[in-house]
Amino acid sequence: MEQVTLFDDPAYRGSLLPFTFTRPVAEIRVGILKIREKWEKYLDATAGFMTLDYLQEKFPPLANSRLFINGGLCPDQGLVTAIKTLEKGEYLYKDNILLAAFPEDPSSFSMDTAKEKGALKTYEGEITLIHRNWHIFQFNALELRKDFVLLTTNRTSAGINDSHTIAYNPAMIFVEEGAKIRAAVLNAEDGPIYIGKNAEVQEGALIKGPFALCEGSTVNMGGKMRGDSTIGPFSKVGGEVSNSVIFGYSNKGHDGFIGNTVIGEWCNFGADTNISNLKNNYAPVKVWDYTKGSFVNTGLQFCGLMMGDHSKTGINTMFNTGTVVGVGANVFGAGFPRTFVPSFSWGGEGRSTFQMDKFEETAAKVMERRGVALDQKEKSILDKVFDLTKAYRIWDKEV
């Protein structure tokens, strides 16, 4: 099997925070699959990573890889063909963005020297490059459709074996083995619906495609899934969800609305948590940009919440349009939190810090419920993120 390295482009990695605090760019889920999983299927390959040092133990490189691909680049057949025809010493670009490289000496590959050392080729096709955090939900419907074809072509769905479930356009609904669907409505007239292995759609759920419910996940009773959304593996979701991506191992099990939102892993939403995704004056939404240390204009009219791994909300939490919450935050209290909540904040106004010993105690319990251990690799990453984000917790300096 071929080996490929997916590299973090330093020009864009910071714009994908807070999600890239805890993972390489290629481990972002958009559509049904993570970007890495897409490339592995398209190329019939095993993928490794070129990322920041503190992430490499959990996300290691591959010693014998000769092909390098931009980790934010989503594959399609045109790109795969162009990359497979690269010869040794050639580098594939589009609009000054390095897409892929087949260097003469893989051990010395560097983004900084790519143009000096290689023969440049230009890719003429269209690309989907995830290089802003809001791109994850913005391009999710497109990637859902592509991943649906990738995963289901020449395969037979397990089907819906429930007489009380209504399916519209059933040819575009694919159900994996072990999935359970009861008294639900699945409408795939506007896009495909993918129900993963051992997933569950409970009574009264309404699902509109394109939509993906990944392995072991649940749509709770009466949940309203409004399309363009992905619920990653081993998650629970209820209430109303629109054009949102949950990476996995996270719970939004109760009533409340999320829209145009991205949620990392190991997050939990208290009952009736609600997110605004549209400003009252219909103006474009601004979000916090870690690389600039300020808010930037997304150019989008609809943009909700970006929440990093291991963050939580208390009951009745309300988020303003375009809020960014870092890693390991515990958000609660009256009123709206600020539109930038630093990592390891405690409370909505962020006047105290979620200390690492208490945080790790909670994280270990949360992960244990899913049969996953908070191991040393994960602890080391979270300790590093805690240090990297100290400057944002300005209240610690005021003591």
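Residues numbered from 1 in each chain as written. Predicted model: local features only at pLDDT ≥ 70, side-chain atom pairs only at ≥ 80, totals over all residues. Heavy atoms only, no water.

- If you look the protein up in an unreviewed UniProt entry, it shows as Glucose-1-phosphate thymidylyltransferase from Echinicola rosea.

### Regarding the pairing of strand β3 (residues 67-70)
So, step 1. Alternating residues of β3 divide into L67 and I69 and F68 and N70, and every residue in both groups is buried.
So, step 2. With two bridges joining them, β3 and strand β6 (residues 97-102) adopt antiparallel strand pairing. Across the sheet, the residue bridging to F68 is A101, located in β6. (Buried < 20%, exposed > 50% of the residue type's maximum accessible area, 1.4 Å probe, protein only. Helix = DSSP H or I, 4+ residues; strand = E, 2+ residues; numbered from the N terminus. Pairing = 2+ DSSP bridges.)

### Describing the environment of K390
So, step 1. Assignment of secondary structure puts K390 in the loop between α7 (376-388) and α8 (395-398).
So, step 2. Look at K390 and you get partly exposed, because its relative accessible area is 44%.
So, step 3. Sequence separation of K390 and I231 is 159 residues, and the distance between their C-alpha atoms is 31 Å.

### Comments concerning the sheet that holds strand β12 (residues 185-187)
Within a sheet, adjacent strands bond to each other through the backbone by hydrogen bonds, running parallel or antiparallel.
So, step 1. The six strands lie next to each other as β9-β12-β15-β18-β21-β24, forming an open sheet whose pairing is parallel. Looking at strand neighbours, the two that pair on one side only are β9 (166-168) and β24 (257-259), the edges of this open sheet.
So, step 2. Alignment of β9 against β12, held across three bridges, turns out to be parallel. Across the sheet, residue Y168 finds its bridge partner in β12, namely N187.

### Description of helix α1 (residues 35-43)
So, step 1. Within α1, seven of the nine residues are buried, which leaves it mostly tucked inside the rest of the structure.
So, step 2. As for α1, its buried residues are in contact with β1 (2-7), β2 (45-50), β3, β4 (73-74), α2 (77-84) and α5 (140-152).
So, step 3. Looking one or two places after α1, you find D44, whose phi comes out positive at around 50 degrees. (Contact = heavy atoms within 4.5 Å.)

### Here's the deal with the sheet that holds strand β7 (residues 119-122)
So, step 1. Judged by pairing direction, the sheet is mixed, and its six strands sit side by side in the order β2-β1-β3-β6-β5-β7 without closing on themselves. Two strands in the sheet have a free side with no partner beyond their single neighbour: β2 and β7. On average, each strand axis in the sheet is tilted by 30 degrees relative to the strand beside it, whichever way the strands run.
So, step 2. Of the strand pairs in this sheet, β1 and β2 are connected by six bridges, and their pairing is parallel. Looking at the pairing, L6 lines up with F49 of β2. (Axes fitted to C-alpha atoms, helices over the stretch in contact; angles between N-to-C directions.)

### A few points about the packing of helix α6 (residues 356-368) against α7
So, step 1. Close contact between α6 and α7 brings their axes to 12 Å; oriented N to C, the two are set at 140 degrees. Comparing their axes, α7 and α6 come out oblique. For α6 against α7, the interelement crossing comes out right-handed. The segment α6 lies against α7, with M356, F359, E360 and M367 engaging E378, K379, L382, D383 and F386.
So, step 2. Of the residues contributing to the contact of α6 with α7, the split by class is five nonpolar, no polar and four charged. (Parallel < 35°, antiparallel > 145°, perpendicular 65-115°, else oblique. Left-handed = near helix turned anticlockwise from the far one by under 90°. Nonpolar A, V, L, I, M, F, W, Y, C, P; charged D, E, K, R; others polar.)

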